[in-house]
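Geometric and topological summary
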Amino acid sequence: MSRMIIAVGGTGQIVLLHYLQLYLLGVVEGPFRAVVVDTDEILPPISTISRLLEQLQYGSEKTAALGETLPVIEVMRPNTQVGETLTEILTGNRHLEPFEKHPVRAFFSSETLEQNLMRGLFARPAMSSVLSSLQEDVLRPAANSTVVLVGSLIGGTGGGLMVPLCDALYSYQVREGIDDVKLRGVFFGQYFTPQAGRLEGDVQRFRSSQLCVLKSIQEALHMLHSFYIVGGTGGTVERDPEEEKRGVNFPWPRSRSHPFWEGVQALEFLLGESAKEKGSEFRDREFAEVDDRPDIEHSRLRLAQSLQVARRFIHKETIRRLAAENWLDTIWGPGLTDLIAHYWKTSIKTEGRDQALKQFPGQVQQSLTELWKGEGAERGLRTAFPNPDEQGRVRPRHVRAIPWPRLKIGGSQDLRLFDGPGNSAERLAATLLFWILRKGELK
Amino acid sequence: MREHHHKNGWALALLGLSASLAVACQDPSQVGQVNVTQTQCKQWDDAMVALFHVALVASAAVPLVLAPFLGVLGRGFWFFTAPRRRIVVLSGVIVLVAILAVPAGPWVVGLGWGWLSNVDPLYFACTSQGFGAEGLLYGLISPGQAALSQWPVMILLLIAGAIVGCLVAILIQALLARLFGIRRKLKGGEE
């Protein structure tokens, strides 16, 4: 059964980010397809992880990595591109004169009409509902799949797009006869308190938006199989959207009861759960509780250990050491050395023997550093994770113990991906980092 | 009980340090007041030169012999995963030990015991008299001069020997890496 996550708005993106981090750390398994739907910017760490996944591609399919089927991250930004404010989009004019009559005034307040959409929807669900069509191929579900929408009911994007998105997905299913699609939702009620002064009439509007969207879901969503609601009784978390947009070392929740972690657990549960039948009544489709997985303490341990092994591997310039070593398999193990040799041979094929023999180890080391720390405007992978606690000393045997992917004779390598100077080195660096994060341990 | 052992340990360390200092502070000229024969001086000088030759060979040869095997320790320690660095550091450690053991040995640990047991403490008096010393490297360097007085030359020669040994060890290691390292895997087919 294939799995699809639709992360709607800022809340959906944060839950997806945590889920992607857990996937990279080997806490949750792939593959899955993730679609980010937001009028606002994509969180930088999600973009960073997406770039890593692209560099992991080994075969002709996007999901084909060495030893792993990758998740796919796609982005959909509903935006008409014809204006920045609702006034522009709906009337074609930048502003409406104070006494100018126009039908839009019957539906939206002046404040809402002047809201700059490039800065977000600010908990105004009605605004997102008039944005452009949601009939994009990226939303087409696969047959025999579970699709989970994640997002806030009170946020502008989540609240406004949740129902239209479900409708779009269902339309595909019916129109194209796609069988056996289980549509589910992780819906966040009011779980955070907006920053003081950021939204006017905040709390009141949150509650009314939540009620409005829940009623819409109840009335319109006969196609929704099941759902789980996070929060909903009041704000317990303070969010800083600017910090979220900056997205550097975005911290993890401290406890399982935090709404974001609860959302991650609900997402993992709904993606995998298969026993529940679709209830006839809407209220029968709600899950009152979900499994306590992934466990936050275990996840923190994985985070700390994986990042430490990765940091040490890069800092010690392991590839250069390995390239000059005669006790190769004794120190590093045949798994790692065969993997490096394989990519090195590809580099020889595509870039020429003399050049590859001299430069390959240095190129890989350089690529590892750039991937981890970033280069120029591109963020490094270390910024996509929170800063972990130190866990212990990393020894070479910890690198040796990683179960590196085995190479198969006649494997489906797409050499076009490796064409061009440095491509083999970059893809090897991505592969090494990926497996260190997923399997690096300090035992 | 553990505290008692700690105290004993400190006492022994202090004793050793005092002994070294006592030896180092020995005034060789005081020893010269005792009569030593030319035969005795020649005997002690030959023993000293022999020790120097062994130290010189060790400075060059031990890195050559040990370096190829040090990599095994790389399973547990990052330091040993850097091939050249481990050879250079090994050479440095060996030459330091050789210097302390032979050219500096008479002052640091004293004559007449351990590996210097064939060199009497009265050998200090021989530096002020001629006794037909052979010189270092079978007469190539400083013939006629007591080996003890040639300690700066001995140190330089030991360092030179270590550098040569280090460079050859690095070359051997590079050759071994070509034969048994990752380049070997670049030749074969895939598994």
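Residues numbered from 1 in each chain as written. Chains lettered and ligands numbered in written order. Predicted model: local features only at pLDDT ≥ 70, side-chain atom pairs only at ≥ 80, totals over all residues. Heavy atoms only, no water.

Applying the stated rule across the entire model yields 17 aromatic pairs over all chains. Ring plane angle 90° and centroid distance 5.0 Å describe the contact between Phe-269 of chain A and Phe-287 of chain A, whose orientation is recorded as edge-to-face. In this pair, Phe-269 of chain A sits in helix H9 (residues 259-272) while Phe-287 of chain A sits in the loop between H9 and helix H10 (296-315), placing the two residues 18 residues apart along the sequence. You can call Phe-269 of chain A buried: its relative accessible area is 15%. Here Phe-287 of chain A falls in the buried class, since its relative accessible area comes to 10%. On the basis of an interplanar angle of 85° and a centroid distance of 5.0 Å, the ring pair of Phe-79 of chain B and Phe-80 of chain B is categorised as edge-to-face. (Phe/Tyr/Trp six-rings, centres within 6.5 Å; stacked < 30°, edge-to-face > 60°. Helix = DSSP H or I, 4+ residues; strand = E, 2+ residues; numbered from the N terminus. Buried < 20%, exposed > 50% of the residue type's maximum accessible area, 1.4 Å probe, protein only.)

Turning our eyes to something else, we now look at the interface of chain A and chain B. Counting from both sides, the interface comprises 35 residues of chain A and, opposite them, 29 residues of chain B. Note on chain A versus chain B: buried area summed over both sides is about 2800 Å², and carbon and sulfur give 56% of it. When the buried area of chain A at its contact with chain B is split by residue, Arg-321, Asn-326 and Lys-345 of chain A rank highest and sum to 22% of it. Applying the counting rule to chain A against chain B returns three salt bridges. Put simply, Arg-86 of chain B and Glu-325 of chain A hold a salt bridge, and the shortest N to O gap is 2.8 Å. The interface formed by chain A and chain B includes 14 residue pairs in polar contact (both at pLDDT 80 or more). Of all the secondary structure elements, the ones that give two or more residues to the side of chain A that touches chain B are helix H11 (318-323), helix H12 (328-351) and helix H14 (396-400) of chain A. If you tally residues by element for the side of chain A that touches chain B, the top one is H12 of chain A, at 14 residues. Along the lines of polarity and charge, the residues of the side of chain A that touches chain B split into 18 nonpolar, five polar and twelve charged. (Contact = heavy atoms within 4.5 Å. Buried area = accessible area lost by both parts, 1.4 Å probe. Salt bridge = Lys/Arg side-chain N within 4 Å of Asp/Glu carboxyl O. Polar contact = N/O pair within 3.5 Å; in protein donor to acceptor, adjacent residues only side chain to side chain. Nonpolar A, V, L, I, M, F, W, Y, C, P; charged D, E, K, R; others polar.)

Looking now at helix H1 (residues 9-24) of chain A. Residues and elements named next belong to chain A. Its 16 residues place the ends of H1 22 Å apart at the C-alpha level, agreeing with the 22 Å of an ideal helix rising 1.5 Å per residue. Within H1, 15 of the 16 residues are buried, leaving the element largely enclosed by the surrounding structure. Looking one or two residues past H1, Gly-26 carries a phi angle of roughly 80°, positive in sign. (Expected span 1.5 Å × (residues − 1).)

All names here are of chain B. Along the polypeptide, Pro-63 turns up in helix H3 (residues 38-70). Put simply, Pro-63 and Leu-140 are 77 residues apart on the chain and 25 Å apart in space, counted from C-alpha to C-alpha. Setting aside its immediate chain neighbours within four residues, Pro-63 contacts Ala-58, Pro-68, Leu-90, Ser-91, Ile-94 and Ala-169.

Here we come to a nonpolar patch on the surface. Residue and element names in this part refer to chain B. A cluster of nonpolar side chains, namely Phe-79, Val-89, Val-93 and Val-97, defines an oily patch on the protein surface of about 310 Å² accessible area. Its place among the elements puts Val-89 in helix H4 (residues 83-101). On the accessibility criterion, Val-89 (34% relative accessible area) is partly exposed. (Patch = residues over 30% accessible without salt bridge, like charges linked within 9 Å, V, L, I, M, F, W, Y side chains within 5 Å. Areas by Shrake-Rupley, 256 points an atom, 1.4 Å probe, with all protein chains shown as cover.)

Parts of the prediction with low pLDDT should not have their coordinates interpreted in detail. All names here are of chain B. Summing up the model confidence of chain B, the mean pLDDT is 84 and the portion of residues at 70 or higher is 80%. Per-element mean pLDDT across chain B ranges from 46 in helix H2 (residues 28-31) up to 95 in H4. Taken as a whole, residues 27-32 scores under 50 in pLDDT and shows five contacts with residues more than four places along the chain or in a different chain. This complex was scored by the predictor with a pTM of 0.83 and an ipTM of 0.79. (pLDDT = per-residue confidence, 0-100.)

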